[in-house]
Amino acid sequence: MKDEKQARRFVPDVSSFILHPSSFRPKRRLWRDKFRESLRGIKLGIRGHSSFFVHFFFAALVLATAIVLRCEALEWCLLLGCIGLVITAELFNSAVEAIYHGLDDSTRPRVRHCLDIAAGAVLLASITAALIGAIVFVPKLAAMLVHLID
């Protein structure tokens, strides 16, 4: 109650805002700085975790298969969207892991479920990508096999 009365009585010194208008506005960041920080975040996420090697290996395999099977534009969009989905999920998982490792030992057990949920998101994204990849590739591979047999 006492704090509320003091807060009502507090009147800010407006002269400092008039003399220095930038003091009450946050400094705007340039777009190039935002992109630089985003790219640094991607680099940190990729470098720090070995599971990216697996994702990049399968992404390269999918891209090579799409080239060999001469996928159409819509199929390319689906495949690239799936690759982006899995890598994005893995980056979020890496961010949650980085936060988890920054916590003290008494807090970690309470936040452990967050790691499991983030890993589950990566698994779900990977399964979805695999199913979409199968939907795109299996008919093409079957047609190629039938053509080779005939």
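Since the model is a prediction, treat every value here as computed from it, not as a measurement. (Residues numbered from 1 in each chain as written. Predicted model: local features only at pLDDT ≥ 70, side-chain atom pairs only at ≥ 80, totals over all residues. Heavy atoms only, no water.)

Q: What am I meant to see in the overall build of the chain here?
A: Each helix and strand in the chain was counted, giving six helices and zero strands. Listed by position from the N terminus, the elements making up the chain come as α-α-α-α-α-α. Of all 150 residues assigned to the chain, the portion counted as buried reaches 19%. Once local pairs closer than 6 in sequence are excluded, the contacts in the chain between residues at least 24 apart make up 64%. (Helix = DSSP H or I, 4+ residues; strand = E, 2+ residues; numbered from the N terminus. Buried < 20%, exposed > 50% of the residue type's maximum accessible area, 1.4 Å probe, protein only. Contact = heavy atoms within 4.5 Å.)

Q: Just checking my understanding: could you explain the environment of Arg 70 for this structure?
A: Considering the arrangement of structural elements, one finds Arg 70 in the loop between helix 4 (51-68) and helix 5 (73-101). Sequence separation of Arg 70 and Lys 140 is 70 residues, and the distance between their C-alpha atoms is 9.1 Å.

Q: Would you mind showing me how to read a nonpolar patch on the surface here?
A: Taken together, the side chains of Phe 53, Val 54, Phe 57, Phe 58 and Leu 61 define a hydrophobic patch exposed on the protein surface, amounting to about 540 Å² of accessible area. By the secondary structure assignment, Val 54 is in helix 4. Residue classification places Val 54 among the partly exposed positions, given a relative accessible area of 42%. (Patch = residues over 30% accessible without salt bridge, like charges linked within 9 Å, V, L, I, M, F, W, Y side chains within 5 Å. Areas by Shrake-Rupley, 256 points an atom, 1.4 Å probe, with all protein chains shown as cover. Salt bridge = Lys/Arg side-chain N within 4 Å of Asp/Glu carboxyl O.)

Q: Help me understand the packing of helix 5 against helix 6 (residues 108-149), please; the structure alone is not making it clear to me.
A: Helix-helix packing is characterised by the crossing angle of the two axes and by the distance between the axes. At a minimum axis distance of 9 Å, the contact between helix 5 and helix 6 shows a crossing angle of 170 degrees. One finds that helix 5 runs roughly antiparallel with respect to helix 6. Of the two possible hands of crossing, helix 5 and helix 6 adopt the one that is left-handed. For the contact of helix 5 with helix 6, the per-class residue count stands at 20 nonpolar, four polar and six charged. (Axes fitted to C-alpha atoms, helices over the stretch in contact; angles between N-to-C directions. Parallel < 35°, antiparallel > 145°, perpendicular 65-115°, else oblique. Left-handed = near helix turned anticlockwise from the far one by under 90°. Nonpolar A, V, L, I, M, F, W, Y, C, P; charged D, E, K, R; others polar.)

Q: So what exactly am I meant to see when it comes to the layout of surface pockets here?
A: Rolling a probe over the atoms, with the probe sized like a water molecule, indicates the empty space that remains. Of the voids in this model, the largest pocket is the one considered here, and its volume is about 350 Å³. Lining of the largest pocket is provided by 17 residues; of these, Phe 58, Val 62, Ser 126, Ala 129 and Ala 130 occupy positions nearest its centre. When the residues that make up the lining of the largest pocket are grouped by side-chain class, the tally is 14 nonpolar, three polar and no charged. (1 Å grid on protein atoms, 1.4 Å probe; cavity = no way out; pocket = protein on both sides within 12 Å on 5 of 7 lines; lining within 4 Å. Points joined across faces, edges and corners; volume = space filled by probe spheres on them.)

Q: What is the right way to look at the packing of aromatic side chains in this model?
A: Under the defined criterion, the tally for this structure stands at three aromatic pairs. With a centroid separation of 5.4 Å and 75 degrees between ring planes, the pair formed by Phe 57 and Phe 58 is classed as edge-to-face. Look at Phe 57 and you get partly exposed, because its relative accessible area is 48%. Look at Phe 58 and you get partly exposed, because its relative accessible area is 46%. Sitting over the ring of Trp 31, Lys 34 keeps its end group 4.7 Å from the ring centre. The ring of Tyr 100 has Arg 108 sitting right over it, with the charged end atom 5.4 Å from the ring centre. (Phe/Tyr/Trp six-rings, centres within 6.5 Å; stacked < 30°, edge-to-face > 60°. Lys NZ or Arg CZ within 6 Å of the ring centre and 35° of its normal.)

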